[in-house]
Amino acid sequence: MKIKVWGCRGTLPSPGHHTLKFGGNTTCIEIRNEKNFLTIIDAGSGMRLLGKELIKEENLSEMCLILTHAHWDHLMGFPFFIPAYFSRFKINVCGVASAKTFMRHILARQLEAPYFPVNFEDLKASFNFDCAGPGCDRCHNLAIDSINLSHPNGGFAYKFSENGKVFAFITDNELGFQHPGGKLPKDYVNFAMGADLLFHDAQYTDKEYEKTRGWGHTTYNEALKLAIEAKVKRFGIFHHDPDRTDEELDRIVAELGQRAKDLGSEVEVFAVSDGLEISL
Ligand SMILES: [Zn+2]
Ligand SMILES: [Zn+2]
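Residues numbered from 1 in each chain as written. Chains lettered and ligands numbered in written order. Predicted model: local features only at pLDDT ≥ 70, side-chain atom pairs only at ≥ 80, totals over all residues.

## Quick word on the overall build of the protein chain
A tally of helices and strands in the protein chain yields 6 helices and 13 strands. On C-alpha atoms alone, the protein chain measures out to a radius of gyration of 18 Å, which is about the 19 Å that the 2.2 N^0.38 rule sets for 280 residues. Taken along its principal axes, the extent of the C-alpha atoms in the protein chain is 55 × 40 × 35 Å. Going through the 280 residues of the protein chain one by one, you find that 46% of them count as buried. Across the protein chain, the fraction of contacts at a sequence separation of at least 24, relative to all contacts at a separation of at least 6, is 71%. (Helix = DSSP H or I, 4+ residues; strand = E, 2+ residues; numbered from the N terminus. Rg over C-alpha atoms; globule rule 2.2 N^0.38 Å. Buried ≥ 20, exposed ≤ 12 C-beta atoms within 10 Å, placed from the backbone. Contact = placed C-beta atoms within 7 Å.)

## Examining helix H6 (residues 246-262)
The first and last C-alpha atoms of H6 sit 24 Å apart over 17 residues, in line with the 24 Å expected at 1.5 Å per residue. Of the surrounding elements, those touching the buried residues of H6 are helix H5 (220-229) and strand S12 (268-271). (Expected span 1.5 Å × (residues − 1).)

## Some remarks on helix H3 (residues 185-192)
Every buried residue of H3 is accounted for by Tyr188, Phe191 and Ala192. The buried residues of H3 occupy an angular sector of 85 degrees when the element is viewed end-on, so they sit on one face. In this structure, the buried residues of H3 make contact with strand S7 (143-148), strand S8 (156-162), strand S9 (165-170), strand S10 (197-201) and H5. Note on H3: the residue one or two positions beyond its end, Gly194, has a positive phi of about 75 degrees. (Arc of directions from axis to C-beta.)

## As for the sheet that holds S9
Working definition: the strands of a sheet are paired by backbone hydrogen bonds and lie parallel or antiparallel to each other. In spatial order, the strands read S7-S8-S9-S10-S11-S12; together these 6 strands make up an open sheet with mixed pairing. For this open sheet the edge positions go to S7 and S12, each flanked by a neighbour on one side alone. In this sheet, neighbouring strand axes are inclined to one another by 15 degrees on average, regardless of whether the strands run parallel or antiparallel. Bridge count between S10 and strand S11 (residues 234-238): 5 bridges; the pairing is parallel. Residue pairing for S11: Leu198 is matched across the bridge by Phe235. Across the sheet, H5 lies against S10, S11 and S12, angled at about 150 degrees from S10, the strand it touches most. (Pairing = 2+ DSSP bridges. Axes fitted to C-alpha atoms, helices over the stretch in contact; angles between N-to-C directions.)

Structure below.
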């Protein structure tokens, strides 16, 4: 499985001199399985750039789109996703089974007038909302598991497996506060257990969290604790705060890496960045 990051910033796009290294686009991840079938997670602002690349692929006609939840920063790139405007593309929109009808609703609503000049019905790509949920056979041999997020308005984390390699993607998840429908930290530890790669929401310092508790996001230290307890091999902090500078992220990663070592863990800690590519 190959993973490429097109957006890893939280809350809203954050261009500027302070985000040049790690990037300012909001959540969008590209995954290719061994047969090069494309699965996209989330439709944040990074999806616009992904779309520009996809239309150059002459053999590409079908893809899966999986959404974690409907917050603005995870949807705002969809109206600017160029493949949606071409009839040669078929887009399977996969949510968990319980969210099937909701999927069309959340994509279509942001295209309604007066918010956007093109209606969902006018898009040329064919959309399929009848997937049986992530991991159905339309996802073409990429096994996908899900767990409810602890986040305002809910949502889902996903785990992708192929050939014994596992990528756990858990963003917009607050480990220090149980939102309605959310699980306990031990449940997320079990979900991510032994993963080769984990991206987990890590937006706040302990000091900042005194003011942001209940907002749906996790501290660096709590996210690291989960990564260590779940014995993941590589841990990428994700959903960077829009105000977080590159220098701060470098310092935070160094501190987390040292902390992991002090605790006897061999986990590799890094900050996810736009453009990052990882093969598992
Ligand atoms: Zn978010
Ligand atoms: Zn959110």
